[in-house]
Structures are given as C-alpha cells and as structure tokens.
Amino acid sequence: MGQPFKHRIEYPSDDKMYYHAYAVLSDKNWTVSRGIHLDETELKKQMSELPIPVIDLSRAKTDRIQLAKEVVHALENIGFLYIDNVKGIDFNKLFKICQWFFGLPMETKMDLTRKNFKSENHNLYRGYFPVVEGEPSRKEGFEFARDVPADDKTVSPNNWMYEKSVWPEENGTVAFKEFLQNMYEIVHETSQEILRLAALGLGIEENSFEHLFSDKPCSTFRIMHYPPWEGKPPENAIIEDGKVVTTPEHMDSDFLTLLHIFNYDGLEVLNLDGKWIAVPPRSNSLIMNIGVTFSRMMAGRFKATRHRVLDIGIDRFSVPFFLSPSFDSDIGVNFMSKFTSNGPKHVPEKFGPWLLHRIKHEIKYFEYRDLPEIED
Ligand SMILES: O=C(O)CCC(=O)C(=O)O
Ligand SMILES: [Fe+2]
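Reading guide: rules and limits
Residues numbered from 1 in each chain as written. Chains lettered and ligands numbered in written order. Predicted model: local features only at pLDDT ≥ 70, side-chain atom pairs only at ≥ 80, totals over all residues. UniProt positions renumbered as here; feature names shortened; annotations may be inferred. Near = placed C-beta within 6 Å. Helix = DSSP H or I, 4+ residues; strand = E, 2+ residues; numbered from the N terminus. Nonpolar A, V, L, I, M, F, W, Y, C, P; charged D, E, K, R; others polar. Axes fitted to C-alpha atoms, helices over the stretch in contact; angles between N-to-C directions. Parallel < 35°, antiparallel > 145°, perpendicular 65-115°, else oblique. Contact = placed C-beta atoms within 7 Å. Pairing = 2+ DSSP bridges. pLDDT = per-residue confidence, 0-100. Expected span 1.5 Å × (residues − 1). Buried ≥ 20, exposed ≤ 12 C-beta atoms within 10 Å, placed from the backbone.

An unreviewed UniProt entry lists the protein chain under the name Fe2OG dioxygenase domain-containing protein, with Mytilus coruscus given as the organism. Under the Sequence similarities (unreviewed entry) heading, UniProt states for the protein chain: "Belongs to the iron/ascorbate-dependent oxidoreductase family."

If you want it as structure tokens, here you go:
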C-alpha cells in the first residue's frame with residue numbers, strides 16, 4: 001500500500017461522540033492520528049491492551065443496540081473479532097471436508113487447478129491452487145463462489161471474477177459441494193447481519209451496506225491447507241527470532257473476512273505497538289477481520305489489521321470466506337459522507353477494477369499474478 005490514509009472525519013451520533021482519533025495506515029504500519037477526545041498515548045494504550053473482542057450473535061435480537069456499538073468499537077480499534085453463535089455450521093464436518101479434499105491424489109486436484117498451473121484447464125480464478133515451491137506462502141487451496149445464473153446477460157463473458165466454480169467428483173461418502181455451498185450461504189448471511197449491526201452502531205440505516213452485495217457479490221469461499229515446511233524455507237519466509245511463516249504478513253483485500261481455524265494456533269495480528277499478538281483458536285467461533293476495501297471506504301475509521309500465519313510444525317487447515325461486493329459496486333472512499341454533510345467528499349470507484357489492480361499489480365500474490373485484465 002503506497003498511499004497512506006490520512007483522513008480524519010467527524011461523525012455525529014445521537015447519544016455519544018465517537019472517538020475522533022483513528023489509526024492511519026502509512027506504508028506498512030498503523031500509526032495513530034491525533035484525535036479530539038483521546039490523545040495519542042491514551043489511544044495507543046487502549047488499543048494495545050485490547051484483547052480480541054467477542055461478538056455474541058445470540059444477543060442480536062435481545063440486546064441489538066448495545067451489540068451494534070460493540071461491533072463498531074471492535075472495528076474501529078483492533079479490526080479483528082470473534083463471532084460466536086453463528087447458527088447452522090457443523091465444524092466437525094467442515095474439518096472432514098477439508099481433509100477429504102486435500103487428501104485427494106494430486107492428479108485429481110490438478111484437474112481442478114487454475115489455467116496458470118495447468119494450461120488445458122479453463123478456470124482462471126476459482127478451483128484449486130497447489131503449493132508453489134520457493135514462495136514464502138506455503139499453502140494449497142480450493143476456492144468457489146456462488147454461480148451467476150446462466151441467463152444473466154449483464155456479465156461480460158471475459159469477466160473471470162464471475163467464472164463458474166469447478167467441483168471435484170464425489171465418491172458418495174462426502175457431500176462436498178452441497179455442504180460447502182450451504183456454508184457459503186450461512187457465512188454470507190452472517191456477514192450481512194454483522195454489517196446491519198455495524199450500520200446501526202454507526203447511526204445510519206441498517207441496510208446501508210446491503211446494496212453492495214445484493215446483486216452479484218464477488219465473494220470467494222476458500223478451504224486451505226498449510227503443510228509444514230520441510231527442509232530449509234526460503235529466506236523471505238523466515239521472520240524475527242527464526243520463526244517461519246506459511247503466510248507472510250498482509251491485510252486482506254476484500255470487504256471483510258470470516259474465518260475458521262479449527263484448533264490451530266499460528267494466526268497473529270499486529271497491534272498498534274507494533275507487537276504481534278496471537279489470535280488463539282476458539283471452538284465453534286468465526287474470526288472476523290476487516291479488509292482494505294471496507295477500511296478504505298470508511299477512510300481508515302474501520303481497521304484492516306495486518307496479520308500472518310506462522311508455521312506450527314504440523315499440517316494446518318483453515319477456512320476463510322472473503323466477502324466482496326459486486327464487480328460494479330461503488331466502493332469509493334469516504335462512504336460516510338453520504339450520510340453527513342461534513343468531511344471529505346465521497347469519490348466513486350468500482351470494486352472489480354480496483355481489486356484486480358490491487359491483487360495483480362500491487363500485491364502480486366502468487367496465486368493471482370498471471371490473471372488477465374478484464375475488459376468491460
Ligand atoms: O489461515 C489463517 O489463519 C488466516 C488466513 C489468512 O489470513 C488469509 O487467507 O487471508
Ligand atoms: Fe488474511
């Protein structure tokens with residue numbers, strides 16, 4: 001990220017003034033912009049002492065306004081939170097699904113891999129990606145999305161962000177596709193409920209974010225396997241104190257991520273003191289974090305926190321859902337200025353082209369490097 005976020009906007013609210021001091025992202029680190037109510041030292045202290053907050057969704061009906069405030073507080077401060085009591089997820093089955101898929105013969109997985117890993121294949125964005133030797137990211141993954149209806153004529157045929165998902169053949173013992181498609185809908189709905197709470201906590205209409213996702217969200221659901229390093233890892237996977245990563249530090253590019261990490265350690269987030277703190281596994285809970293898309297729209301008020309995954313010496317599985325707006329959705333900066341006459345103006349920007357530029361030209365993740373441009 002070359003461009004620092006340097007906006008500071010005041011948001012009126014009926015019952016309290018929010019902190020008018022936000023973390024500012026400059027180059028790699030979050031620093032604190034001086035605020036009105038809290039001075040830098042106090043805000044820094046507050047944030048560095050924050051544990052990862054827990055949002056219990058079972059309170060969404062009974063204690064909605066308070067819960068909404070807690071969501072906003074968590075998003076304004078650490079940008080990472082646990083979401084408890086999401087209904088309908090069978091985590092044990094999800095684990096078995098991951099093990100089944102990654103245990104398939106390499107040949108079978110490679111039938112589903114993206115074109116840049118196997119030239120006969122047609123899928124560019126969805127499907128399987130293998131471990132790539134020499135990369136500091138040591139992981140294989142399988143991705144899918146909600147398919148766009150075949151009769152939808154609004155999608156350009158070369159827009160691979162909407163390409164059809166590919167699926168493995170099932171052997172009758174696991175309902176892989178059905179289970180994961182159902183999971184997608186559960187986490188999608190969970191993300192929408194969290195966004196309704198966030199809107200309520202911000203003092204705007206609960207459905208203020210809904211339009212971004214109601215047409216054809218570009219969200220991606222991934223299952224991932226991180227094999228431990230064998231032999232000597234590449235230099236760029238070795239970090240301080242001789243620790244080794246399987247995913248280097250990064251911020252997610254999407255709107256928000258909902259993640260499950262089973263019982264595995266290894267996930268760490270960077271707090272405002274520049275210290276890496278562990279995000280321990282919490283059973284039956286999802287971990288949520290804000291992506292750059294959302295943080296940018298909120299002019300840095302909601303935090304996209306840097307995080308990384310350490311090699312824990314054993315195979316590690318995790319399941320992220322990357323909530324993403326529709327290709328044409330407006331994700332321009334200063335979204336909140338639509339609701340208040342104060343502050344810098346909203347600058348419209350389409351999600352799809354912005355994301356493509358970021359993942360292909362700025363961050364250059366190995367799994368996206370060779371994606372073609374998309375002509376509208
Ligand atoms: O596996 C994890 O714990 C985190 C994964 C992650 O940060 C990502 O895929 O963006
Ligand atoms: Fe991430």
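We are not done yet, so read on.
A few words now on the site of ligand 1. Around ligand 1, the surrounding shell consists of M224, T247, D252, L259, I261, L267, H307, V309, S318 and P320. Mapped by element, the contributors of at least two residues to the shell around ligand 1 are β13 (307-310) and β14 (316-323). Its residues assigned to classes, the shell around ligand 1 shows six nonpolar, three polar and one charged.

Between helix α2 (residues 64-77) and helix α5 (residues 176-202), whose axes approach to 7 Å, the crossing angle comes to 90 degrees. When the axis of α2 is compared with that of α5, the two are roughly perpendicular. Facing α2, whose interface residues are R64, I65, L67, A68, K69, V71, V72 and L75, α5 presents I194, L197, A198, L200, G201 and L202. Residues belonging to the contact of α2 with α5 are distributed by class as follows: eleven nonpolar, one polar and two charged.

Here the focus is the sheet that holds strand β8 (residues 245-250). Taken together, four strands build an open sheet; the order of strands is β8-β13-β10-β11 and the sheet is antiparallel. Of all the strands in the sheet, the pair left with one neighbour each is β8 and β11 (276-278). Going across the sheet, the axis of each strand differs from the next one's by a mean of 25 degrees, ignoring polarity. Here three bridges tie strand β10 (residues 267-270) to β11, and the two strands are oriented antiparallel to one another.

Across the protein chain, pLDDT averages 86, with 86% of residues at or above 70. For residues 1-40, every residue scores under 50 in pLDDT, and the model assigns this stretch 73 contacts once sequence neighbours within four places are set aside.

Moving on, we come to α5. End to end, α5 covers 39 Å across 27 residues, agreeing with the expected 39 Å (1.5 Å per residue, within 8%). Within α5 the residues assigned to the buried category are M183, V187, T190, S191, I194, L195, R196, L197, A198, A199, G201 and L202. Following α5 by one or two positions, G203 has its phi on the positive side, about 80 degrees.

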